[in-house]
Number of protein chains: 2
Amino acid sequence: MTISWVPVPPESHFPIANLPYGVASRRSGPSGQERHIAPPRPVVRIGDHVLPLSVTGNGLFDAATLNPFLAAGPDTWDAVRARLIELLTDKAHRPWVEPLLIPVAEVITHLPFEVADYVDFYASEHHAANVGRLFRPDTEPLLPNWKHLPVGYHGRAGTVVVSCTDIVRPCGQRNTPDGPVYGASRRLDIEAEVGFVVGMPSALGSRVSTRDFADHVFGAVLVNDWSARDVQAWEYVPLGPFLGKSFATSISPWVVPLAALADARVAGPAQDPPVLDYLREDEPWGLDLDMEVRWNGHPVSRPPFRAMYWSAAQQLAHLTVNGASLRTGDLFASGTVSGPAKDQRGSFLELTWDGAEPVTLPDGTSRTFLEDGDDVSITATAPGLGGSRIGFGEVTGRILPARP
Amino acid sequence: MTISWVPVPPESHFPIANLPYGVASRRSGPSGQERHIAPPRPVVRIGDHVLPLSVTGNGLFDAATLNPFLAAGPDTWDAVRARLIELLTDKAHRPWVEPLLIPVAEVITHLPFEVADYVDFYASEHHAANVGRLFRPDTEPLLPNWKHLPVGYHGRAGTVVVSCTDIVRPCGQRNTPDGPVYGASRRLDIEAEVGFVVGMPSALGSRVSTRDFADHVFGAVLVNDWSARDVQAWEYVPLGPFLGKSFATSISPWVVPLAALADARVAGPAQDPPVLDYLREDEPWGLDLDMEVRWNGHPVSRPPFRAMYWSAAQQLAHLTVNGASLRTGDLFASGTVSGPAKDQRGSFLELTWDGAEPVTLPDGTSRTFLEDGDDVSITATAPGLGGSRIGFGEVTGRILPARP
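Residues numbered from 1 in each chain as written. Chains lettered and ligands numbered in written order. Predicted model: local features only at pLDDT ≥ 70, side-chain atom pairs only at ≥ 80, totals over all residues. Heavy atoms only, no water.

**Considering the relation of the copies chain A and chain B**
Consideration 1: When chain A is brought onto chain B, the operation consists of a screw motion whose angular component is 180° and whose axial shift is 0.0 Å, with 0.0 Å RMSD remaining. Here the symmetry operator amounts to a two-fold rotation axis. Taking C-alpha positions as reference, the residue of chain A nearest the rotation axis is Gly240(A), located at 2.1 Å.
Consideration 2: Same-surface contact between copies: 100% of interface residues of chain A are shared with the interface of chain B. (Least-squares fit on C-alpha atoms with pLDDT ≥ 70 in both. Contact = heavy atoms within 4.5 Å.)

What follows is the structure in structure tokens.
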């Protein structure tokens, strides 16, 4: 990997090896300079700057979302990335490109793509087993189907929001010893996840094998699948989570292309019993991401994505094995990422063991579930190309009180 | 209701009292006449004809779907309906409007709107109790939450297809005494449902009360929620149905506006225990629809929609009580419509009591679940305005063999 002429701070998540895509508009502010991008337009991020993708001259970026670019497919993804690397490394381009760079502090990031269908999986063995131990203490922690297929369900695409969107504490029904009551959720939680973004659609009735994963999936984002545990516990039989999840799902603003994650690929845990043929991988699509969860700025967990039992390629093969079609903008998330250690758990349900083991924050207060005013940020870094280190930025959100 | 100058056959589902909306394109065929609408464009149906909605001069119909019209809201919905009634009843308009009519036999109908999020409820007590008796014979048929909230889940919006789309038998995992195997579903079923189409969006964090139902919901369609019972049975714990449903969901091509269903409103069954405040209705939104399910043309069931325990207005209030936003094109379906009698059951799972009581068809063959080549049509009629009878047309589909 060559060096960019754009200065990149040493610890930045966004060196030239990354080049993630997003959508941004110029923040109206004191700087008052004339360069601007408005309305929201696709950009690429490098270091502490964004560069409008109109720099490529490609009409796919004359849009308010990345969807047209995502739909264009792998050859276009490769060509655009190659052109951006050329523009940002060859000093011959510096004179005309540099004036187009905008400090990231001067932009607002928007939802980078229009979400078509949103699916959430349940792919961490440690998470599924923790949930089993908490809620079904007298039985095997894993349900019988768990090691045979990547369990998943559809979530609400219309309430996927971009990082920094405030999260209003949801109201709903929860059960009590005196029967169900209506009110604000008292057990508001997070789920630290990684989401994968479909670029190339597939036809109804066809399947996408694990081998064809990268022909359809463009890249990855961080996901916080906010969860109202009391609402969820009462509603979820027999059809699964609904209002306990559908009030909001936050994603990070930067879509890291699979091309930037080539050196992060690792084999996941051995799968025993062996999986059915359609779930086999020739080359593993595990990813060596180090995640971190910060509660009011304080790191409380470091989930290891490499420990996930099911890979994203297996999830996509499963999702389409019944002939379900893919659309550009489909988002499928991993489910809570939890590792084997206590400080690797990706939900507060697990981290506080259903509230029995509160977390103490540096200000001396303790937490079980989220309180109004709390914020949570999830970050991740990964091995980048050529020995570099890249990152996903963060997905963050703050809890506002329930509305009366 | 006045009389249209367009001839309408006596038993038609589509008298002037109905005027449902759809999207159609001219079928290329032997007639070879010059009047045509291509590409697909919004139309209204009357009797055995469709009329392109460009006749209204409204730019909202210069689109391939009804979404811009749906998004325009109740005042526009009312104004367009009033104008269509005027055009189709006042003979002064006949000379210029009549040449624009196209026989329905000469058009292809398309998906009438782009589906945003798809939610499926479970609102028939008879259906939920039948399923409980079949799968949990030693316990109460209804789960503890069922009479307190309308249980629902998100389905796959991207695989909602219009009536007449062939359904390829899905493949997937099912469990056997020797462990899970991969293959074509052997227990392919239907669910006869009614779906409601959201026109006006709502803001994230706000709620839509039962009172405001008709400000947001434009109309209704018939839904066949095809279900692979063997796939579903193995996958659905603990996160609900996924691949057992996501391969296809068929809807009827004609969206019947709520305005045409005003005289079909009835109170549903008494709700005991009383529901929480946010689920109460000032005026009931039950609908007196007579549905019919035909298996290879033979009527096998007549589900009464008026028997549904939860109304669509209650479902919408529940769906948004946590602040989840609505988008134009959201579709939420009732769940299987089953009445108390055996010949009122809206799924073959119930109708054949999980295969134990096969249905005999007039050709002498018997059925438990769907065989390749079978077709299923669901129809419904309702009291229309002014003592008329209106209908939904049909949602139909044929089973093609699984792909190797």
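**Remarks on helix α8 (residues 312-320) of chain B**
Consideration 1: Judged by how many residues are buried, α8(B) sits mostly within the fold: nine of nine residues are covered.
Consideration 2: All buried positions along α8(B) are accounted for by Ala312(B), Ala313(B), Gln314(B), Gln315(B), Leu316(B), Ala317(B), His318(B), Leu319(B) and Thr320(B).
Consideration 3: As for α8(B), its buried residues are in contact with α7 (243-246) of chain A together with β6 (118-121), β13 (192-198), α5 (213-216), β14 (217-224) and β22 (331-333) of chain B.
Consideration 4: Its side-chain oxygen placed 3.3 Å from the backbone nitrogen of Ala313(B), Ser311(B) serves as the N-cap of α8(B). (Buried < 20%, exposed > 50% of the residue type's maximum accessible area, 1.4 Å probe, protein only. Helix = DSSP H or I, 4+ residues; strand = E, 2+ residues; numbered from the N terminus. Polar contact = N/O pair within 3.5 Å; in protein donor to acceptor, adjacent residues only side chain to side chain.)

**Quick notes on the nonpolar core**
Consideration 1: Leu261(A), Phe332(A), Leu261(B) and Phe332(B) are the most contacted members of the largest nonpolar core, which totals 154 residues.
Consideration 2: Not counting residues within four places of it along the chain, the set of residues in contact with Phe332(B) comprises Val119(B), Phe121(B), Val194(B), Gly195(B), Phe196(B), Val198(B), Phe213(B), Val217(B), Ala312(B), Gln315(B), Leu316(B) and Leu319(B). (Core = buried A, V, L, I, M, F, W, Y, C linked by side-chain atoms within 4.5 Å.)

**Examining the pairing of strand β10 (residues 171-174) of chain A**
Residues and elements named next belong to chain A.
Consideration 1: Pairing between β10 and strand β11 (residues 181-184): four bridges, direction antiparallel. Considered in β11, the bridge of Arg 174 is made with Val 181.
Consideration 2: Where β10 folds back onto β11 in an antiparallel hairpin, the turn is made up of six residues, including Gly 179, whose phi is positive at roughly 105°. (Pairing = 2+ DSSP bridges.)

**With respect to the interface of chain A and chain B**
Consideration 1: Opposite the 57 residues of chain A that make contact, chain B presents 57 residues.
Consideration 2: Overall, the association of chain A and chain B removes approximately 5500 Å² of surface from exposure, summing both partners, and the carbon and sulfur fraction of that is 60%.
Consideration 3: Interface area lost by chain A to chain B is led by Arg156(A), Leu239(A) and Phe242(A), which between them contribute 15%.
Consideration 4: With a shortest N-O distance of 2.9 Å, Asp330(B) and Arg156(A) are connected by a salt bridge.
Consideration 5: Summed over the shared surface of chain A and chain B, the number is 28 residue pairs in polar contact (both at pLDDT 80 or more).
Consideration 6: Only β6 (118-121), β7 (152-155), β10, β11, α6 (229-235), α7 and α8 (312-320) of chain A provide two or more residues apiece to the side of chain A that touches chain B.
Consideration 7: A per-element tally of the side of chain A that touches chain B places β7(A) first, with four residues. (Buried area = accessible area lost by both parts, 1.4 Å probe. Salt bridge = Lys/Arg side-chain N within 4 Å of Asp/Glu carboxyl O.)

**Some thoughts on the side chain of Asp189(A)**
Residues and elements named next belong to chain A.
Consideration 1: Its place among the elements puts Asp 189 in strand β12 (residues 188-189).
Consideration 2: Residue Asp 189 is classed as buried on the basis of its relative accessible area, which comes to 0%.
Consideration 3: Reaching out from Asp 189, the side chain makes a polar contact with the backbone nitrogen of Leu 349 at a distance of 3.0 Å.
Consideration 4: Apart from residues lying up to four places away in sequence, Asp 189 is in contact with Trp 226, Ser 227, Arg 229, Ser 347, Phe 348, Leu 349, Phe 369 and Leu 370.

**A closer look at the pattern of salt bridges**
One side chain can pair with another of opposite charge once the charged atoms of both are near each other.
Consideration 1: According to the stated counting rule, one finds 50 salt bridges over all chains in the structure shown.
Consideration 2: Close ionic contact of Arg280(B) with Asp277(B) constitutes a salt bridge, the shortest N to O distance being 2.9 Å.
Consideration 3: Judged by relative accessible area, Arg280(B) falls into the partly exposed class, the value being 49%.
Consideration 4: The partner of Arg294(B) in a salt bridge is Glu292(B), with the nearest N and O atoms 2.7 Å apart.
Consideration 5: The partly exposed category is assigned to Arg294(B), whose relative accessible area is 29%.
Consideration 6: A residue is classified by how much of its surface remains accessible, and Glu292(B), at 14% relative accessible area, is buried.
Consideration 7: Shared partners join several salt bridges into a network, and the residues in it are Asp189(A), Glu191(A), Asp225(A), Arg229(A) and Lys245(A).

**What to know about the sheet that holds strand β3 (residues 49-52) of chain A**
All names here are of chain A.
Consideration 1: Strand order in the open sheet formed by five strands is β4-β3-β2-β1-β5, and the pairing between neighbours is antiparallel. Of all strands in the sheet, those with a lone pairing partner are β4 (102-103) and β5 (107-110), marking the two edges.
Consideration 2: Contacting β1 (21-26), β2 (41-46) and β3, helix α2 (residues 74-89) crosses the sheet at an angle of about 60° to β1. (Axes fitted to C-alpha atoms, helices over the stretch in contact; angles between N-to-C directions.)

**Topic: the environment of Arg83(A)**
Residue and element names in this part refer to chain A.
Consideration 1: One can find Arg 83 in helix α2.
Consideration 2: Between the alpha carbons of Arg 83 and Ala 24 there is a distance of 20 Å; along the sequence they are 59 residues apart.
Consideration 3: Excluding residues that lie within four positions of it along the chain, Arg 83 makes contacts with His 93 and Trp 96.

**Here we look at the sheet that holds strand β25 (residues 375-383) of chain A**
Sheet strands pair by backbone hydrogen bonding; their relative direction is either parallel or antiparallel.
Residues and elements named next belong to chain A.
Consideration 1: Reading across the sheet, the five strands line up as β9-β26-β25-β20-β21 and stay open at both edges, with mixed pairing between neighbours. The open sheet has two edge strands with one neighbour each: β9 (167-168) and β21 (298-301).
Consideration 2: Here strand β20 (residues 290-295) runs beside β25; their pairing, made up of six bridges, is antiparallel. Of the residues in β25, the one forming a bridge with Arg 294 is Ser 377.

**As for the environment of Thr360(A)**
Residues and elements named next belong to chain A.
Consideration 1: Looking at the secondary structure, you find Thr 360 in strand β23 (residues 359-360).
Consideration 2: A relative accessible area of 53% places Thr 360 in the exposed class.
Consideration 3: Spatially, the C-alpha atoms of Thr 360 and His 298 are 9.9 Å apart, while their sequence positions differ by 62 residues.
Consideration 4: In contact with Thr 360, not counting residues within four places along its chain, are His 298, Thr 365 and Ser 366.

**So, the domain arrangement of chain A**
Residue and element names in this part refer to chain A.
Consideration 1: Domain annotation of chain A identifies domain 1 (21-110) and domain 2 (118-400).
Consideration 2: Domain 1 and domain 2 are separated by 29 Å when their C-alpha centres are compared.
Consideration 3: Taken together, the contact between domain 1 and domain 2 spans 18 residues of the former and 19 residues of the latter.
Consideration 4: When domain 1 packs against domain 2, close to 1400 Å² is buried across both sides, 72% of that on carbon and sulfur atoms.
Consideration 5: At the surface where domain 1 touches domain 2, the tally comes to zero salt bridges.
Consideration 6: Considering each element in turn, the side of domain 1 that touches domain 2 owes the most residues, five residues, to helix α1 (residues 67-72).
Consideration 7: Tallied by class, the residues present in the side of domain 1 that touches domain 2 amount to eleven nonpolar, five polar and two charged. (Domains from an automatic or database assignment. Nonpolar A, V, L, I, M, F, W, Y, C, P; charged D, E, K, R; others polar.)

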